[in-house]
Each structure stands twice: as structure tokens, then as C-alpha cells.
Amino acid sequence: MNLPAPFAPIAPSIDAALHDIFGFESFRTGQRRGIEAVVEGNDTLIVMPTGSGKSLCYMLPGCVLPGLTLAVSPLIALMKDQADALESFNIPATYINSSLSWDEQRQRLAGMRAGAFKVVLVAPERFKSQAFLDALAGVPIGLFAIDEAHCISQWGHDFRPDYLNLGEVRQKLGAPTTLALTATATPDVQRDIAAQLDFDNHSVVVSGFERPNLFFEVYPARSRRSKYERIEALLDQTPEGSKVIYCATRKQVEEVGRNLRESGYYPALYHAGLSDQERDEVQDAFMAGDAPLLIATNAFGMGVDKSDVRAIVHFNIPGSVEAYYQEAGRAGRDGEPAHCLLLYNRADLRIHEFFTENSFPDRKLVERLWTLLQKHGVGMHTLDADMLADHLSRAGDDRVHPWAVGSALRLLERGGHLAFGQRGPAPWLEVIDQARTRDLRVDWDALNARRGVDEQHQEDMVRYATGHTCRQVYLVRYFSDTAHDIAECKRCDRCCGPPSYAQAAGQVRAPIVVREPAQTVLRKVLSGIARARGKWGAHVIAAMLRGSRAKKITGAGLDRLSTHGILHALRQDDLVRLLDVCSQLGLTTQNTYGCLSLTDAGTELMMSSEPLSETVADVLARHLRSTSESGEIPPGRAASRPTESFPRPASGDGELGETYLRTLMLAREGHDYRQIAEERGLTPSSVLRHFMTLAQRGHKLPLDDHADGRLLPELRELASDWSPDDKLAELKERLTTPCDYDTLKLNLAIVLQERFEHAQTPEAS
Ligand code: ADP
Ligand code: MG
């Protein structure tokens, strides 16, 4: 071959390169197979988890092969990291992107032509630049490497339109040997990547998804409070190394931060709401070990490679297994044991439903928006997504979120029907044509398909959280359909039950004291679940077991079940806790709506009259203490747990926020205000404030049990025009009946409710 000297190989063999250039002793699993395939000239797809050493798989062949290695990477920040890494190995390399001045770019392009570099890193949009394509002409390409290759697939979790052109680019480059690298590709996505890049007869290396040092755990958390209990126990038992708590939203990051700070921890926070500089500072502090506890959104972590992360907690369920594995996989890079805890509460799925709904708005909304814009006519307007959303909300009967409008505007923009942007503080929007709605150039099928992919990803993630197989087996199979023979990990909570730190979380709660033998109580709980026939969640089943006559129970006929009231001596939250224990023991499953049903093991245990197995008895003993077996006299009821104070979430004026409605719902389900506080992680006094506001707005609350024969008549007199915004202390001072604040608030709520009803009665004067 007659290559210009600068493009000649810089190492004679794979092994020589490994030792002499990279200074590594040996290849890691998967690396040799992948590298050999590439060096032999096969198009190759390598799927290996983050941190497993994918970069070596393109860098090393780049040294052994003649010609230039052209590597595509999606993010400017990552590119610089990779170029630095290459330089640290003395491999002549550079990157070319828009962060560089024109002059700098020109110099690097000239260098590339002249063979000054073995590796050049670019972002996919670089191929739109004619200057770049011109500079490439005549440069021998030894290897075309595409990092984060899942971005090419619409089925992937991070599709990027710029990646779509890479198939064409590859042809333009003369179809050089191509290597696609990704940490997260399901078998479907793997096939799609190969098809998009027009591979045929390519090699696939899927490797390294087993992480033998990671302990995977899912905790079905019924309440925020139980999430915090669990996190604190984990943090307390993990004094070494760094820990990250991932949350779904910035607001959630801030809330978790506040709560942990109140409990005496010192977390650092990271989310997209911080300035670039603040984010860099937090990241640097984390890397240096000065901020060992970090609470972050998924904005954190790209390119972060810290070896001693000992725990990764997900406060909310992520949107896909890909995202989860990527984030959780940042634990234990050093090979030492590390813990990955997912706190699963079904209600958190709503966050993702919201993302999906608003990112892929339905056709009706796009058409309604277009009709509205047509009323403004062709031309320039001062309009933005907020204003348009407001308009649509007022015109229709549903609330349209500005985010959905933003997504719809982008669809219309892509179809060439409009353009929009921001000039200084003023938004502008240009309607370009008068297309009829049915002629809109929007690919509705693609839109629906993308929405479907998002929903599928979410379902797969829920299946991970609620499934009964070994966590590791589930994760590995998710990424590789050839991993039939993978063995159970013997480490995760499914293989081994709750981890040891969790006992500390359990011990915070005193066991529930009962008069009957523990196994009788357990069997009663199980028969309650069986009678509910898979149609109800834990709260309703608990209410049924304790014999609640709340509307929700009687309305559904649950009061006619033979199990109604069979555990009337227990409190609602005790019963919910026992239902949790059943799930921990694998006796129940829950569907995606949170409805419980018995597993085969649960049914068997319910029917049997044998004594409990040792494992079951052990776990149960931590939650349930029976006086029938020890002959003890039971105290009146189970010791109640101390209530921690949690900051009150901000409440809006005007319309009642969701927090009120959740309080209302729980109250109507028959929960006492203290139980609601505990369940929701609020203080009892916040819940009572909710009660008063709800009552004032005419929401009916079951408060009759709290009516105080002396206080109530006095309040009807004294507080006839009292409002929840007025000072309670002043009112209390004027009262002659002695009472505590809780009683006062409950009775005030009754008065407010009466006042509302009175005002609604037409004959009232
Ligand atoms: P990925 O791209 O798969 O997330 P990287 O390529 O960034 O992972 O590699 C992670 C780390 O592992 C890097 O610090 C890299 O130098 C190191 N590494 C890669 N291969 C080996 C090896 N064979 N021996 C030792 N260290 C390696
Ligand atoms: Mg990488």
C-alpha cells in the first residue's frame, strides 16, 4: 500500500498496542473479541455497559490500522474528554466542533489533511459542514467509529435526529470499516443500528452486563416517609465512598435535599436549574470526594467516571431500563461492593406519563393549535407556547400544557409550516402557510410510534420493579437475548431477601402487637388479598380488613366480603405495613395499577395449616409481635412511631393543588389526619391546614368523630367569619373551652364546612 507516512499504523499488533501504548496488563471481557473483529475489517457492534472500556475498542484498532480513525460522539463535553484521554496515551488526536474559533477549526482541518492526527473526534452535525467534507476528501479512513450509537435508533431511549444521517455519511466515506459502540441497546435496537448503518455480515459483541459487585434492590415504598427511612438507613450503613440519589425532577431534588438536610445530612444538589458554573463546581466537588452525597436529576453523570461510588439510589422510578442501568451502573466501578436501590412508588409513574404525553402531543392538539394560528393569519406574531397554551386551555375543556404546545410547534416547524424563536425578551412566531389541517406535513405514524416506544420503555421498567426474577438476570436479558444461560446473581433482593441495612430501617418501627398468633394474622391478610380478586391496592384492602365503612369500601361492596373487619383491632397503617411485608416475602404481586394479588407461594401459605417456614417467621417477627404466644398483656395498641416534621409543600392560591386533593382522597378513604400525615410525609398540622382549606371550599370530610360538644357551639359563635388565613392563636385566646390546637383545627374545619353548606342552601338568608 502506498500511504502517506503520517497515516501508517503506530503499533504492530493488538497486544503490543495494549501494553506499549495504553499500558494495560490485559483486556477486559469483550474487548479482545471486539477489537479483533474490527482489526480484521468487520463492521462491528459493541454493546458493553458504561465504564467497561468501550473507548479502547476504537482507540486501539485506530493505532493498529492504517489511516485515520474518525470517531463520532454526540456531546461536545465528551469529545474533549476523549481527546484528552487519547493525548494521555500519546496518540496524536484532536476534536473539531463548534466550540472552537474559526481559526482553530481551520488549523485542525489542515492538520487532519496532512496526517497530523491518528484520531479525530466530531459531532454528527459536523458532516453538514462543507469545509469539513472538503478537508476529508482524500484522507484515508481506516475506521469509522460511532460512540453512543443507540442515538441512531428511533427505538432507543435517546434518539437524536442528527444521528440518522450517519448511514449516508458512511456511504459517502466509501463504507470504511465501521464500529458502533453503545452501553444501552436492546436486541431490537441492536438490529436497528445495524440496519441504519447498512451493515451486513457484521460482528456483534454484547458483554459485561453482569456486575458481580452490585447489589440490586427495589423497595416498594408506600409513602415518602418510608422512602426517607430507607435512604437514611442505607446512608448510615454506608459511611465510605460517594453516594448519588437520582430524582425525576428538579423540584424533587430540592425537596429531598431539604429533607435530608433536616435529618442532619449534608447533600449537594445538581440539576439543570443551576448555572453552568454552579454545576461544574458541584461536579468537581463530587469528583474530588468533597461532596460525597449528591442529589441529582439525570442531568448528572454523562462522562462522570468516579470509581468509589458505593450507592446509587433512585428516589423515583426512571423512564426506561436503559436509563436505570446507565445511572445505577455508575456504582462500584472499582469492583468493590456497591448498592443500587430503587424506591418504587406507582404514583411516580405519573411524572413519566406527563413527559410522554407532552413530548408527543396527540394529533388533535396539533390540529387545534394550527387552526388557532390560522386565525392569526400568515405573517409574524408575538406569540409563545405559554400564551398559546393559555388560549387553547380557555377555548377547550382540558388544560393544555405549554410543553405540549412547544412540542406541537416543533412538529409544525419541522413540516415547514412555521418558524418561531425569541428576540431579546420578545417571543416571535411566523406562520408561513395556510395549509389545511389534513395537509399538514407531520408524520403522525412516526409520532405515535415514538410515543409507543416511550410507553414500552416505561412498562419494561415497571416490570423490573415488580417482577420476581433475579434483578441481575432481568437486566442482562434485557440487553442480550442470547444470554439464556445466565445464572441468578445470589446477591439481589430477589435472590436473598432484603439486605442487612434494611433491618435498621425496619427497626425504626416498633413491631405491631397482636393478640392472635402471628401466622393467623398473616393468613387473614392473605385471604383478604385473595378476596379482593386482584382488583384493589393496599390501602383499600387494608381498609376492608379493618372493617372500614368508608364510601369507597361500601360503594364497591367490599363490606360484604367475609374478610371485611377480620382484623379490626389493627390500624390502617399497620395493615398497609403487613401488606408490604407480604410483598417483600414474595407472597403477592402487584400489577401496574398497584392492585395486589397472591402469588402461588401466597396462595399455598394461605391454604396451608403448617407452621410458617423459618424465613417467613423471621421476617414476620420483625413486624409483628404476638402476645398469644408469650402470654404478655398487650398494650392498648401498637407503639406509634415518632412523627418527623417535614416542610410543607408550597400551596397555590386559587385552585387547590394536588397536595390538597391527595389529602382529601385519603381522608375519604377513612384515614385519620395523623395517618395521612405519616403516609404523606407531612406534619399533622399541615394536614389539618389542608382540612380547613378543603372544608372552606366545600369539600366534604368525615369529621364527625372529632366534633367537640363544648367547643363546637362556641366556635359557631366566635368564628363565624374566621378564615384559614387568620391567626389561630388569637382565636384560641378568646375561647373559654380549653382545647389543643389539633382539636381546635378539626372543629374549625367542621364550622367552615357547615358555613359552606349554609351558603349553598337557596333559602338561607
Ligand atoms: P465506557 O466508554 O465503556 O463507558 P471507558 O472507555 O471510558 O468506558 O473506560 C472506562 C475506564 O476503564 C477508563 O478509565 C479506561 O482507561 C479503563 N480501561 C479500559 N480498558 C481497560 C483495560 N483493559 N485495563 C484497564 N483499564 C481499562
Ligand atoms: Mg464511552
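Just so you know, these numbers come straight off a predicted model, no measurement behind them.

Trainee: I tried to follow the state of the cysteines on my own but got confused; where do I start?
Mentor: Working definition of a disulfide: a covalent bond connecting the sulfur atoms of two cysteines. A full pass over the atoms with the stated rule returns zero disulfides. The structure places no disulfide on Cys63, whose sulfur is separated from the nearest cysteine sulfur, that of Cys57, by 13 Å. Looking at Cys63, the relative accessible area reads 1%, which means it is buried.

Trainee: How should the site of ligand 1 be read in this particular structure?
Mentor: Looking at ligand 1, there are 13 residues lining it, with Ser26, Gln31, Gly51, Lys54 and Ser55 nearest. In the environment of ligand 1, an oxygen atom lies 3.2 Å from a nitrogen or oxygen atom belonging to the side chain of Arg28. Measuring from a nitrogen atom of ligand 1, one finds a side-chain N or O atom of Gln31 at 2.9 Å. Protein contact buries 71% of the 570 Å² of open area that ligand 1 shows by itself. Looking at the shell around ligand 1, its residues break down into three nonpolar, seven polar and three charged.

Trainee: Explain unusual backbone geometry here, please?
Mentor: One can expect most non-glycine residues to show negative phi and most peptide bonds to be in trans. Even without a glycine there, the phi angle at Asn90 is positive, about 60°. The backbone of Glu148 sits at a positive phi, close to 50°, despite the residue not being glycine. Given a relative accessible area of 15%, Glu148 falls into the buried group.

Trainee: Even after reading the chapter, I still don't get the packing of helix 28 (residues 658–668) against helix 30 (residues 684–696), so can you show me in this structure?
Mentor: Two numbers describe a pair of packed helices, the interaxial angle and the distance between the axes. For the pair helix 28 and helix 30, interaxial distance at closest approach is 10 Å and the crossing angle is 90°. When the axis of helix 28 is compared with that of helix 30, the two are roughly perpendicular. On helix 30, the residues that touch Thr659, Tyr660, Thr663, Leu664 and Ala667 of helix 28 are Val687, His690, Phe691, Thr693 and Leu694. Residues that form the contact of helix 28 with helix 30 fall into these classes: six nonpolar, four polar and no charged.

Trainee: What is the right way to look at the sheet that holds strand 9 (residues 242–246) in this model?
Mentor: Backbone hydrogen bonds are what pair the strands of a sheet, in a parallel or an antiparallel way. With parallel pairing, six strands are arranged side by side in an open sheet as 8-13-12-9-11-10. Each edge of the open sheet carries a strand with a single partner, namely strand 8 (214–220) and strand 10 (268–270). The average angle at which neighbouring strand axes cross in this sheet is 15°, direction not considered. Examined bridge by bridge, strand 9 and strand 11 (residues 293–296) share four bridges and lie parallel to one another. The partner of Ile245 across the bridge, within strand 11, is Ile295.

Trainee: Please clarify how the environment of Pro61 should be interpreted in this entry.
Mentor: Topologically, Pro61 is positioned in helix 3 (residues 54–64). Separated by 283 residues in sequence, Pro61 and Tyr344 place their C-alpha atoms 43 Å apart.

Trainee: Explanation requested: the UniProt feature "domain: Helicase ATP-binding" (unreviewed entry) in the chain in the structure shown.
Mentor: Sequence positions flagged by UniProt for "domain: Helicase ATP-binding" (unreviewed entry) are, in local numbering, residues 35–203. In residues 35–203, helix accounts for 39% and strand for 17%; the two terminal C-alpha atoms are 11 Å from one another.

Trainee: Just to check I follow, could you spell out the domain arrangement of the chain for this structure?
Mentor: A common measure of how large an interface is: the accessible area buried when the components associate. When its domains are assigned, the chain resolves into domain 1 (5–206), domain 2 (214–351 + 481–497), domain 3 (512–626) and domain 4 (658–759). Computed from C-alpha coordinates alone, the two centres of domain 1 and domain 4 are separated by 65 Å.

Trainee: Before we go on, may I ask you to explain the nonpolar core in this structure?
Mentor: For soluble globular proteins, nonpolar side chains are generally found buried alongside one another. Core analysis: the biggest nonpolar cluster contains 76 residues, and Met112, Phe127, Leu166 and Phe216 have the highest contact counts within it. Take this core: its biggest share by element is six residues, from helix 18 (residues 471–479). Built from parts of two domains, this core gets at least three residues from each of domain 1 (5–206) and domain 2 (214–351 + 481–497). For Met112, the residues in contact, after removing those within four places along its chain, are Phe7, Leu68, Ile96, Phe117, Val120, Phe132, Ala135, Leu136 and Val139.

Trainee: What should I look at first to understand the pattern of salt bridges in this one?
Mentor: Close approach of charged atoms allows side chains with opposite charge to pair. All chains considered together, the criterion is met by 30 salt bridges. Between Asp15 and Arg32 there is a salt bridge, with its nearest N and O atoms 2.8 Å apart. Of this pair, Asp15 sits in helix 1 (residues 14–21) while Arg32 sits in helix 2 (residues 31–39), and the two are 17 residues apart along the sequence. The exposure class assigned to Arg32 is partly exposed, which follows from its relative accessible area of 33%. Residue Asp334 is joined to Arg310 by a salt bridge in which the shortest nitrogen-to-oxygen separation is 2.8 Å. With Asp334 in the loop between helix 12 (321–328) and strand 13 (338–344) and Arg310 in strand 12 (residues 309–314), this pair connects stretches of sequence that are 24 residues apart. With a relative accessible area of 32%, Asp334 lands in the partly exposed category. Through salt bridges with shared partners, a single network forms among Asp15, Arg32 and Glu36.

What counts and what doesn't
Residues numbered from 1 in each chain as written. Chains lettered and ligands numbered in written order. Predicted model: local features only at pLDDT ≥ 70, side-chain atom pairs only at ≥ 80, totals over all residues. Heavy atoms only, no water. Disulfide = S-S within 2.5 Å. Buried < 20%, exposed > 50% of the residue type's maximum accessible area, 1.4 Å probe, protein only. Near = heavy atom within 4 Å. Polar contact = N/O pair within 3.5 Å; in protein donor to acceptor, adjacent residues only side chain to side chain. Areas by Shrake-Rupley, 256 points an atom, 1.4 Å probe, with all protein chains shown as cover. Nonpolar A, V, L, I, M, F, W, Y, C, P; charged D, E, K, R; others polar. Axes fitted to C-alpha atoms, helices over the stretch in contact; angles between N-to-C directions. Helix = DSSP H or I, 4+ residues; strand = E, 2+ residues; numbered from the N terminus. Parallel < 35°, antiparallel > 145°, perpendicular 65-115°, else oblique. Contact = heavy atoms within 4.5 Å. Pairing = 2+ DSSP bridges. UniProt positions renumbered as here; feature names shortened; annotations may be inferred. Domains from an automatic or database assignment. Core = buried A, V, L, I, M, F, W, Y, C linked by side-chain atoms within 4.5 Å. Salt bridge = Lys/Arg side-chain N within 4 Å of Asp/Glu carboxyl O.

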